[in-house]
Amino acid sequence: MDRGDDDGGGGDEVAATAAPPTDVPAERTARMRRERRKAQKKKKAPPAVDHQPNVMSELPFALASSAAWEQLGFTRTESTQKKRKRKRGDSGGRVDSEEEEEKKKKKKQKESQRPNYFVSIPITNAQISAAVVEVQEAVLQQEPRLVKAMIPAPTLHITLLVTHLANQEQVGLAATALDKAMPSLAELLVGRDLVLPFSGVGHFRKEVVFVGLAPGQHRDTLEKLAEVLRRCFEEQGLLQGDSRGFEPHLTIMKLSKAPKLRSQGLKRVNPDFYSSYTDRFFGDQRVERVDLCSMLKKKQQDGYYHTESSLQLVYM
Ligand code: AMP
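Values in this document were obtained by computation on a predicted structure and should not be read as measured data.

Trainee: Lay out the overall build of the protein chain in plain terms, naming residues and giving numbers.
Mentor: A tally of regular secondary structure across the protein chain gives nine helices and eight strands. Counting only residues that meet the buried cut, the protein chain has 36% of its 316 residues in that class. At a minimum sequence separation of 6, the contacts of the protein chain that also span at least 24 residues come to 75%.

Trainee: Break down the sheet that holds strand 2 (residues 157-163) for me, with residues and values.
Mentor: Pairing within the open sheet is antiparallel, and its four strands lie in the order 2-1-7-8. With one partner strand each, in any of the chains shown, strand 2 and strand 8 (307-312) form the two edges of the open sheet. The average angle at which neighbouring strand axes cross in this sheet is 20°, direction not considered. Here strand 1 (residues 117-122) runs beside strand 2; their pairing, made up of six bridges, is antiparallel. The residue bridging Phe-118 from the neighbouring strand is Val-162, located in strand 2. The strands that helix 7 (residues 168-189) touches are strand 1, strand 7 (289-294) and strand 8; relative to strand 8, the one it contacts most, it runs at about 10°.

Trainee: Give a description of the side chain of Thr-155 that names residues and reports values.
Mentor: Along the polypeptide, Thr-155 turns up in the loop between helix 6 (126-142) and strand 2. Residues in contact with Thr-155, not counting those within four places in the same chain, are Lys-299, Gly-303, Tyr-304 and Tyr-305.

The rules behind each value
Residues numbered from 1 in each chain as written. Predicted model: local features only at pLDDT ≥ 70, side-chain atom pairs only at ≥ 80, totals over all residues. Heavy atoms only, no water. Helix = DSSP H or I, 4+ residues; strand = E, 2+ residues; numbered from the N terminus. Buried < 20%, exposed > 50% of the residue type's maximum accessible area, 1.4 Å probe, protein only. Contact = heavy atoms within 4.5 Å. Pairing = 2+ DSSP bridges. Axes fitted to C-alpha atoms, helices over the stretch in contact; angles between N-to-C directions.

Read these as layout, nothing more, since geometry by itself doesn't imply function.
In structure tokens, the structure reads:
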């Protein structure tokens, strides 16, 4: 054996077994060299373990989390990591857009059910309106930015219920509901004028400021009146279960009228602004009629809400 060409014992062995016995020495040496090179190439071939991820992917836990893979002793190659990231990104994006679509749908649905009509008792006593304007002016002297939150005097009212009417047909049904309430209201009011004495100033979460209704029997009657109307609207399928209890109030300012104030940091109306009016008597309002009003349509010439239908209350 020529030690000069010899590059390893294993090579010798392979060459010796592979060479036919009849070869001349030169040919044999050349063949031995070729065999040795082949053997070396084989040695350098990638180890079997490199193929393992492919094999593993056929197994049930191939879809397990990356943490599980690592616990099992496998490390992911960079390309697999990228692939997984991309996949997660893709499906993540899809989930995002699906969620966004769902949100948009719900928002649209909510908007399509947002109250756009209400039944109200208008404030027709000028003494009450004048006293309300006085409070509003006092507040504005302390915080002029609240001007847009003020309820204009011609629109002052007491809300009895709010509803969403999707079309003119439903507006007609609401007018019918008002008419149908008449016998029950007449029964409720027989022999009695319903007069509402307004006094004091209160608030809902410092976002809505209102003149309150003094205590007394009239409160009970007013609540029953609102209840009759609710029932009639429900019977026409026009109430979507507005669950907030009826709390009679005469709104004089509300921040929701001026949403920009919130971004300016004005999120509450400080009760100190109207503290000198908390015991003030504002006046009596005789309930003459109830109106079905639109929240969105252009106001009437007299400044009051667009009124679709009215029910004149008759006292006997
Ligand atoms: P309105 O007098 O109907 O213009 O109502 C003024 C605001 O007061 C509306 O935004 C109502 O959502 C809110 N509101 C009415 N009743 C209540 C109540 N019982 N509690 C809290 N907020 C109310």
